[in-house]
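# Coordinate analysis (summary)
The lines below spell out each chain.
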Amino acid sequence: MEGSVVFMKLAVLVAYILMMFVVIFFTAKKNLSLNGFLLGGRNVGPWMSAFSYGASYFSAVIIVGYAGSTGWNVGLSAIWCGIGNALIGGLLAWLLLAKPTRRMGERLQVATMPGFFEKRYQSKTLKILASLIIFVFLIPYSASVYKGLGNMFTKAFGFDYTWCVIGVAMLASVYLFAGGYKATAITDFVQGLIMLIGIVAIVVYVVRGAGGLNEGLTLLGDPTVGGANMNTLWPPQGKEVWLFSNVILTSLGVLGMPQMIHKFFAIRDEKSVKRATVISTVFALIISGGAYFAGSF
């Protein structure tokens, strides 16, 4: 039984790596323009844009660690983080920023946030400052993503942590530099599909492991097992501020993250923005809501 599980894990991993090489093969171009490299020619459709946004939002940080630690602390009320992520980090971000960002990006002919600040305010200083902020603060963020991936591969396959991180970084670099943004958007779309299937499987697994939904909620509310108020949507006493601070932290901050705003520069047109807004919100509700629900169990 154990051997078949290991085989299935390896088969999925190999299939995913092969998928990435297929993406590289179809997107790699010798004479890729700067606009094509950074924005996919501003011709990325709603599904790819929405899934790329969601895959960038809900990375290893939430799936591997954060949802579990939040659920452990406040129980079922952790779902508020998922709802906040969908309504603020998803719906509100697309409603407020997507159309204006795309319009101004096309009008000013910019492809990055630092480039936008330079053109919009005629200031090279702002461009340099924005670049420095992005460079400095995305280092710990990126490190947390790679740490989550390294830990996952170590636990799932027994691989060496260091080589896992190096391997993931090298593979990501290859498809990024070969195919640019279009390659990452296609890969993110496939990742999004895997995430949807995976989060449903995780929720089903943890609910069944708890003896069913009703039994799981009963155990969450048992002070000797879970804790008082762990099975309600209102957080345990004394943790209200902590929980809702985390809702804001994980939801509102997304509106200023350059890798998220970049998706708006690349989307095809305003009609695509409308469709992507709905898709992105539903995606966030399923992924984030499911992750925090599973984390509470």
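### A word on the overall build of the chain
- Counting its regular elements, the chain contains 12 helices and zero strands.
- Walking the chain from its N terminus toward its C terminus, one meets helices and strands in the order α-α-α-α-α-α-α-α-α-α-α-α.
- For 297 residues, the compact-globule estimate of 2.2 N^0.38 gives 19 Å, and the C-alpha radius of gyration of the chain, at 20 Å, lies within 12% of that figure.
- Once the C-alpha set of the chain is aligned to its principal axes, its extents read approximately 60 × 45 × 35 Å.
- For the chain, with 297 residues in total, the buried portion stands at 40%.
- Taking the contacts inside the chain whose residues are at least 6 apart along the sequence as the reference set, 81% of them involve residues at least 24 apart.

### Some points on the packing of aromatic side chains
- In this structure the tally under the stated criterion is 15 aromatic pairs.
- Ring centres 4.8 Å apart and planes at 35° place the aromatic pair Phe293 and Phe297 in the tilted group.
- Among the residues examined, Phe293 registers a relative accessible area of 14% and is labelled buried.
- By way of ring pairs, the aromatic residues Tyr53, Tyr57, Phe58, Trp94 and Phe264 are connected into one cluster.
- Above the plane of the ring of Tyr121 lies Arg120, whose end atom (NZ or CZ) is 4.9 Å from the centre.

### Looking at helix H6 (residues 113-121)
- Residues Met113, Pro114, Gly115, Phe116 and Glu118 constitute the buried set of H6.
- Buried residues belonging to H6 abut helix H5 (79-108), helix H7 (124-157) and helix H11 (258-266).
- A positive phi of about 50° marks Gln122, the residue just after H6.

### Remarks on H7
- Counted at 1.5 Å a residue, the expected span for H7 with its 34 residues is 50 Å, and the 48 Å between its end C-alpha atoms agrees.
- Along H7, the helix axis deviates most sharply at Leu138, where the bend reaches about 35°; the proline Pro140 sits within four residues downstream.
- Taken as a whole, H7 has its buried residues at Ala130, Val145, Gly148, Gly150 and Phe153.

### Let's talk about the pattern of salt bridges
- This structure, assessed with the given rule, holds four salt bridges.
- Here Glu270 and Arg103 are joined by a salt bridge, their closest N and O atoms 2.5 Å apart. Taken together, the residues Glu270 in helix H12 (residues 270-296) and Arg103 in helix H5 connect sequence positions 167 residues apart.
- Two residues, Lys127 and Glu118, come together in a salt bridge whose shortest N-O distance is 3.5 Å.
- Classification of Lys127 as partly exposed rests on a relative accessible area of 31%.
- For Glu118, a relative accessible area of 18% gives the class buried.

Cut-offs applied
Residues numbered from 1 in each chain as written. Predicted model: local features only at pLDDT ≥ 70, side-chain atom pairs only at ≥ 80, totals over all residues. Heavy atoms only, no water. Helix = DSSP H or I, 4+ residues; strand = E, 2+ residues; numbered from the N terminus. Rg over C-alpha atoms; globule rule 2.2 N^0.38 Å. Buried < 20%, exposed > 50% of the residue type's maximum accessible area, 1.4 Å probe, protein only. Contact = heavy atoms within 4.5 Å. Phe/Tyr/Trp six-rings, centres within 6.5 Å; stacked < 30°, edge-to-face > 60°. Lys NZ or Arg CZ within 6 Å of the ring centre and 35° of its normal. Expected span 1.5 Å × (residues − 1). Bend = angle between axes of the 7 residues up to and from the residue. Salt bridge = Lys/Arg side-chain N within 4 Å of Asp/Glu carboxyl O.

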